[in-house]
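So the chains spell out like this:
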Amino acid sequence: MNRDGTRKSIWQEKSKIVSAEPALEEWYDVAVVGGGITGISTALRLQKAGQKCIILEASNIGFGTTGGTTAHLNDFFDTTYAQAIKDFGLQNAKLLKYVGIESKNIIRNNIREFNISCDFQSKPGYLFALDDEQEKKLDAILEGAAQVGHSMVQTADTPFPFAFKKAAVIPDQAQFHPLKYIRSLAEAFIRLGGVLVENCLCESHDENEECVVLQSTKGTVTARSVIYATHIPPGINMLHFMNAPYRSYAIAFRLKGDYHPKELGYDLAEPYHYYRTQQINGESLLIAGGEDHKTGHADNTVECFSKLENYVRQHFDVDTAVYSWSSQYYEPVDGLPYIGVLPGSKGKIFTATGFRGNGMIFGTITSQILGDLILTGSNKYQRLFDPGRIRPITGFTNFVKEQAAVVWDFVKDKVFAEKVKALSELSEGEAKVVKWEGESYAVYKEKEGKLHLLKSKCPHAKCEVRWNSAEISWDCPCHGSRFTVEGKVLTGPSVKNLLRIEL
Ligand SMILES: Cc1cc2nc3c(=O)[nH]c(=O)nc-3n(C[C@H](O)[C@H](O)[C@H](O)COP(=O)(O)OP(=O)(O)OC[C@H]3O[C@@H](n4cnc5c(N)ncnc54)[C@H](O)[C@@H]3O)c2cc1C
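Residues numbered from 1 in each chain as written. Predicted model: local features only at pLDDT ≥ 70, side-chain atom pairs only at ≥ 80, totals over all residues. Heavy atoms only, no water.

**Structural notes on the sheet that holds strand β24 (residues 489-491)**
Then comes step 1: Across the sheet, which stays open at both edges, the 4 strands sit in the order β21-β22-β23-β24 with antiparallel pairing between neighbours. One side of each edge strand has no neighbouring strand; the edge strands of this open sheet are β21 (466-468) and β24.
Then comes step 2: Here strand β23 (residues 482-483) runs beside β24; their pairing, made up of 2 bridges, is antiparallel. Bridge pairing in β24 places F483 opposite V489. (Pairing = 2+ DSSP bridges. Helix = DSSP H or I, 4+ residues; strand = E, 2+ residues; numbered from the N terminus.)

The following block contains the structure:
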């Protein structure tokens, strides 16, 4: 199974492609674009309800962030209840609480109904404040949680090896193996008559009064409704200014001795570190994550792994790092995801994005929200997550301006002004954006010396791509599109490859 990065995540070990090569039919009730947790959960829900559904996946299922997640299942979120109360009001914050509870129930029900073996385990989570600043944050988190009636409480002890100032325990959180889970969901979807087409990039859509016509690399698909479960919708959309792409790093460690935390753990640093244990091939590995940054905004992404590893080694008795990988998520401007009708659509195209680090939960609740919107026209969460909302919260204008400025910065030629002789000066394994006669190029020299030369403008919004040395990819700092060294799209919103120059 492939993922949108060179490094292998802990989940990739045992997964395989699910689908045979089904023929495309002319008409579907619902076409779902994207085979991550969001797309597969939603397609299954609709297929179960009697809709004729198709999933179009550009690569293989789990290729996107679902294959690079750390799969904590929480009912508290990166946007705290305190923040949600401030920006959305107490009633909406209370509604948010049920998203976590219901999503975990949807996952439990799917596991039961389809007899899925995916290492699902309920367990408590611990939040720990390591300094005064973090303690203040934890106080606010506990107060917000109490106001919405959430069950997290202060605790005097945690099972994690950190000297903390204050800590909280959160009962009934969970974890699972995300690829075992979505693979079983996809198999259930196919058994119920659903069609899954992999290696099928959806390139464009045309929405009219009756239906949506999708053009894909495997032909035309017509559907009454389309769902872009692509993590961020393709094309140019208002949502690209309301969501910023971020990378997060994860390492799975073999520890010395018998100690492995059985629980889930989170500090309150900025960005925070997160911990859990996973059994892989009969062995317990500690998964730690963190070192998040805006996509395309770290000069040396390999260093992010070293920083994370050094930090973990200070606290745990680490033997070796067995897996290390990074992946992408989207930060929404007002802290809550956008799930519903795609802005600018006539009402037949839906999307779900802006999940922050909680997409296992928000991707799962999408199956209920978009399922209900398509089947009945309404859902209790539809207003809270309306993609068309504009919430003038603190920082709103700055966020949108920053997103626009980022685009502007990189559009207006922010490249290293170098001559093409730099090509020959590149060391093996090195990459650069170079300028030559008014054009800029993304150049990568393989270990064996082979050069790859691409036009460096992202086809999505014409920003300059930047080198990601950790995942050997070209990443767009504006909206998060990512490309292989051959120029092939790894991650949307771009649906076109970088232009390759044959040398
Ligand atoms: C390191 C890391 C750790 C995380 N840990 C957690 C966690 O512990 N708990 C949690 O709840 N969340 C976590 N998240 C967030 C969560 O993993 C994601 O939000 C979630 O996986 C997104 O799922 P998705 O199905 O929406 O998108 P994806 O999994 O990215 O799937 C989108 C799919 O769409 C396909 N696609 C894209 N464009 C096209 C196109 N034009 N045509 C056809 N197919 C297309 C892609 O190939 C991809 O397979 C984490 C995120 C990161 C980065």
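**Focus on the site of the ligand**
Then comes step 1: Taken together, 37 residues lie around the ligand, and T38, E57, T66, H72 and M360 are the ones closest in.
Then comes step 2: Within the contact set of the ligand, an oxygen atom lies 3.3 Å away from a backbone nitrogen or oxygen of G64.
Then comes step 3: In this structure, H72 approaches the ligand through a main-chain N or O atom, which is 2.8 Å from an oxygen atom.
Then comes step 4: Taking 1,000 Å² as the accessible area of the ligand by itself, protein coverage stands at 96%.
Then comes step 5: Taken together, the residues that form the shell around the ligand break down as 16 nonpolar, 19 polar and 2 charged. (Near = heavy atom within 4 Å. Polar contact = N/O pair within 3.5 Å; in protein donor to acceptor, adjacent residues only side chain to side chain. Areas by Shrake-Rupley, 256 points an atom, 1.4 Å probe, with all protein chains shown as cover. Nonpolar A, V, L, I, M, F, W, Y, C, P; charged D, E, K, R; others polar.)

**What to know about the state of the cysteines**
Then comes step 1: All told, the structure shown has 1 disulfide when counted by the stated rule.
Then comes step 2: C463 shares a disulfide with C478; S-S distance 2.2 Å. Here the S-S torsion is close to -115 degrees, and the disulfide linking C463 with C478 is therefore left-handed. Of the two residues, C463 is situated in the loop between β20 (451-455) and β21 and C478 in the loop between β22 (473-475) and β23; the sequence distance between them amounts to 15 residues. The exposure classification of C463 matches that of C478, with both residues buried.
Then comes step 3: Here C202 stays free of any disulfide, with the sulfur of C200 as its closest cysteine sulfur at 7.1 Å.
Then comes step 4: With relative accessibility at 6%, the residue C202 sits in the buried group. (Disulfide = S-S within 2.5 Å. Buried < 20%, exposed > 50% of the residue type's maximum accessible area, 1.4 Å probe, protein only.)

**Remarks on the pattern of salt bridges**
Pairs can form between side chains of opposite charge whenever their charged atoms are close.
Then comes step 1: Tallied over the entire structure, the rule returns 22 salt bridges.
Then comes step 2: The partner of R482 in a salt bridge is D4, with the nearest N and O atoms 3.7 Å apart. Pair noted here: R482 is in strand β23 and D4 is in the segment before β1 (27-33), with a separation of 478 residues, a long-range link.
Then comes step 3: A relative accessible area of 0% means that R482 is categorised as buried.
Then comes step 4: Residue classification places D4 among the buried residues on the basis of a relative accessible area of 3%.
Then comes step 5: A single network of salt bridges, built from pairs that share partners, joins R3, D4, E471, D475 and R482. (Salt bridge = Lys/Arg side-chain N within 4 Å of Asp/Glu carboxyl O.)

**Some details on the sheet that holds strand β25 (residues 500-501)**
Then comes step 1: Here we have 4 strands laid out as an open sheet, ordered β18-β19-β20-β25, and antiparallel in their pairing. Two strands close off the open sheet at either side, each with one partner strand: β18 (431-436) and β25.
Then comes step 2: Of the strand pairs in this sheet, β20 and β25 are connected by 2 bridges, and their pairing is antiparallel. What sits directly across from L453, in β25, is I501.

**Some details on unusual backbone geometry**
Then comes step 1: A cis geometry characterises the amide bond from E270 onward to P271, with omega recorded as -5 degrees.
Then comes step 2: Counting through the fold element by element, P271 comes out in the loop between β12 (264-267) and β13 (274-280).
Then comes step 3: Geometrically, the link from G492 to P493 is a cis peptide bond, its omega value of 15 degrees lying close to zero.
Then comes step 4: In this structure, P493 sits in the loop between β24 and β25.
Then comes step 5: Not every positive phi belongs to a glycine, and E291 is a case in point at roughly 60 degrees.
Then comes step 6: Its identity is not glycine, yet I472 carries a phi of approximately 50 degrees, on the positive side.
Then comes step 7: Position of I472 relative to the elements: it lies in the loop between β21 and β22.

**Focus: the packing of aromatic side chains**
Then comes step 1: Scanning the entire structure with this criterion turns up 20 aromatic pairs.
Then comes step 2: Ring plane angle 45 degrees and centroid distance 5.4 Å describe the contact between F162 and Y275, whose orientation is recorded as tilted. In this pair, F162 sits in the loop between β5 (153-155) and β6 (166-175) while Y275 sits in strand β13, placing the two residues 113 residues apart along the sequence. Exposure class is identical for F162 and Y275. Each is buried.
Then comes step 3: With a centroid separation of 6.1 Å and 35 degrees between ring planes, the pair formed by F355 and F362 is classed as tilted. For the residue pair F355 and F362, the accessibility class agrees, reading buried in each case.
Then comes step 4: Members of the aromatic cluster, joined through ring pairs, are Y126, F128, F160, F162, Y259, Y275 and F316.
Then comes step 5: Here the basic side chain of R7 rests over the ring of F305, its NZ or CZ set 4.1 Å away from the ring centre. (Phe/Tyr/Trp six-rings, centres within 6.5 Å; stacked < 30°, edge-to-face > 60°. Lys NZ or Arg CZ within 6 Å of the ring centre and 35° of its normal.)

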